[in-house]
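Coordinate analysis (summary)
Now for the letters of each chain:
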Amino acid sequence: KQGKDLAVIGGDGIGPEVVAEGLKVLQAVAPDTFSLTEYDLGAERWKRTGEVLPDSVLDELSGADGILFGAVGAAPGDKSMPSGILERGLILKIRFAFDHYVNLRPSRLFPGIASPLSDAVVGGKEIDFVVVREGTEGLYVGNGGVVRADTPAEIATEVSVNTAYGVERVVRDAFARAARRRGKITLVHKHNVLVNAGRLWNRVFESVAAEYPDVTTDYLHVDAAMIFLATDPARFDVIVTDNLFGDIVTDLAGAVTGGIGLAASGNINPSGAYPSMFEPVHGSAPDIAGKGVADPTATILSVGLLLDHLGMAEQAARVEKAVLADISRRTPGESRSTSAIGDAIASAV
Ligand code: IPM
Ligand code: MN
């Protein structure tokens, strides 16, 4: 097949605004390559129709070569949209249905970007690591329940699911990435307390490590890992961890490398059996929606990850280079519009 089909889910809040800029850059770097199909999904659709992600839409999405996703979610004070409906029914449904077991979240402090960490911590050091977050298991599977709901005797359980199959495939992916990068990998878990899952993760990690004698391995409990993320983030190259730890680790990782306005992610099915989905780590930010002030950089970097995943490494590199050049020209306190940033990067690729 010549062209590629890209499904586009702008979503809510700033989602459609940042996705529009991502598409601008995509068209500039790879003209006449992608046919776009836009899908109206998110809080607004749910409010209008009661639908989150109809099976027919999921079916259509499965035929795409890739998915570009903005963000979904109503304003925090909006009581008409209960928490969890979109998270479980849309984002997680896609991640699970399309077996996105590698949730890839690069974290890099670009030259010219201020980190909230002191100069003593970041000065003269290169912070450049990726978190490989497991995306289909763990505490996200919805395994649990509630008994005696809404009573003083209520018991609520969420049981983490970790399979040897699921752990091994994501650990293998992470080792392969470490081997292509600086050759260092850190397993983040909490095996001193979560002994069952911890033992499985450790065993798999050790056995895959034996196949990679040139990759240096490290292990950190998740709490200690947070100390190092704040005091010595340059020590990390590849971090591999489970779904919930990865969720938390990557928000802090985004913060220490200049904010989640820059944090890109890929929900990847490496086998290619299903389309992978690329999205900024940030949410729908309803407070700034419609004002044209959202930073589209995370989405544009996610487009870079999409290109890379689709085998268009040269174009991916051009996107990253254009983003780097744009960032290096940013001045503290400047306020360029969403589209001005998109235009600048699109014309530079
Ligand atoms: C993320 C988000 C999601 C997650 C939510 C919205 C389901 O926080 O992509 O990090 O927890 O994975
Ligand atoms: Mn998150």
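Bear in mind that the values here come from a model prediction, so they are computed numbers and not experimental data.

Bringing the overall build of the protein chain into the picture now. Per the secondary structure count, the protein chain includes twelve helices and twelve strands. Computed over the C-alpha atoms, the radius of gyration of the protein chain is 20 Å, within 12% of the 20 Å expected from 2.2 N^0.38 for a compact globule of 349 residues. Counting the 349 residues in the protein chain, one finds 43% classified as buried.

Attention now goes to the packing of helix α1 (residues 15-29) against helix α12 (residues 338-348). Contact geometry for α1 and α12: axes closest at 9 Å, N-to-C directions at 15°. In terms of orientation, α1 lies roughly parallel with respect to α12. Handedness of the crossing formed by α1 with α12: right-handed. Where α1 approaches α12, its residues E17, V18, E21, K24, V25 and A28 are matched on the opposing element by T338, S339, I341, G342, I345 and A346. Its residues assigned to classes, the contact of α1 with α12 shows six nonpolar, three polar and three charged.

Further remarks concern the packing of helix α11 (residues 313-329) against α12. Relative to each other, α11 and α12 sit at 130°, their axes nearing to 9 Å. Judged on the interaxial angle alone, α12 and α11 are oblique. Both α11 and α12 take part in a crossing whose hand is right-handed. Here A322, V323, A325 and D326 of α11 lie close against α12, whose contacting residues are I341, A344, I345 and A348. Of the residues that constitute the contact of α11 with α12, the class distribution is seven nonpolar, no polar and one charged.

With that out of the way, let us pick up helix α9 (residues 243-256). For α9, which comprises 14 residues, the first-to-last C-alpha distance of 20 Å matches the rise-based estimate of 20 Å (1.5 Å per residue) to within 8%. Of the positions making up α9, those classed as buried are N243, F245, G246, V249, T250, A253 and G254. Within α9, the buried residues cover an arc of 155° as seen down the axis, which keeps them to one side. Following α9 by one or two positions, G258 adopts a phi angle in the positive range, close to 105°.

Another point: the UniProt feature "domain: Isopropylmalate dehydrogenase-like" (unreviewed entry) in the protein chain. Here the UniProt-annotated "domain: Isopropylmalate dehydrogenase-like" (unreviewed entry) positions come out as residues 5-345. Helix makes up 41% of residues 5-345 and strand makes up 19%, while its end C-alpha atoms are separated by 23 Å.

Time to look at the site of ligand 1. Near ligand 1 the following residues occur: E87, I91, L92, D247 and V281. In terms of residue count, helix α4 (residues 85-97) provides more of the shell around ligand 1 than any other element does, three residues in total. Of the residues that constitute the shell around ligand 1, the class distribution is three nonpolar, no polar and two charged.

This part takes up the pairing of strand β12 (residues 276-280). A large share of β12 lies buried, amounting to five of its five residues. Of the two faces of β12, the one holding S276, F278 and P280 and the one holding M277 and E279 are both buried throughout. By the bridge criterion, three bridges tie strand β3 (residues 66-71) to β12 in an arrangement that is parallel. What sits directly across from L68, in β12, is F278.

Attention shifts here to the domain arrangement of the protein chain. Considered domain by domain, the protein chain is made up of domain 1 (1-101 + 263-349) and domain 2 (115-257). Computed from C-alpha atoms alone, the centre-to-centre distance between domain 1 and domain 2 is 24 Å. Each partner contributes residues to the interface: domain 1 has eleven residues there, and domain 2 has eleven residues. The class makeup of the residues in the side of domain 1 that touches domain 2 is six nonpolar, two polar and three charged.

Here we come to the pairing of strand β9 (residues 216-221). Where strand β8 (residues 184-189) lies against β9, six bridges are found, and the strand directions are parallel. Across the sheet, the residue bridging to T186 is D218, located in β9. Assessed by its sense of winding, the connection that carries the chain from β8 through helix α7 (residues 195-209) to β9 is right-handed.

Basis of the calculations
Residues numbered from 1 in each chain as written. Chains lettered and ligands numbered in written order. Predicted model: local features only at pLDDT ≥ 70, side-chain atom pairs only at ≥ 80, totals over all residues. Helix = DSSP H or I, 4+ residues; strand = E, 2+ residues; numbered from the N terminus. Rg over C-alpha atoms; globule rule 2.2 N^0.38 Å. Buried ≥ 20, exposed ≤ 12 C-beta atoms within 10 Å, placed from the backbone. Axes fitted to C-alpha atoms, helices over the stretch in contact; angles between N-to-C directions. Parallel < 35°, antiparallel > 145°, perpendicular 65-115°, else oblique. Left-handed = near helix turned anticlockwise from the far one by under 90°. Contact = placed C-beta atoms within 7 Å. Nonpolar A, V, L, I, M, F, W, Y, C, P; charged D, E, K, R; others polar. Expected span 1.5 Å × (residues − 1). Arc of directions from axis to C-beta. UniProt positions renumbered as here; feature names shortened; annotations may be inferred. Near = placed C-beta within 6 Å. Pairing = 2+ DSSP bridges. Domains from an automatic or database assignment. Right-handed = clockwise from strand over helix to strand, strands pointing away.

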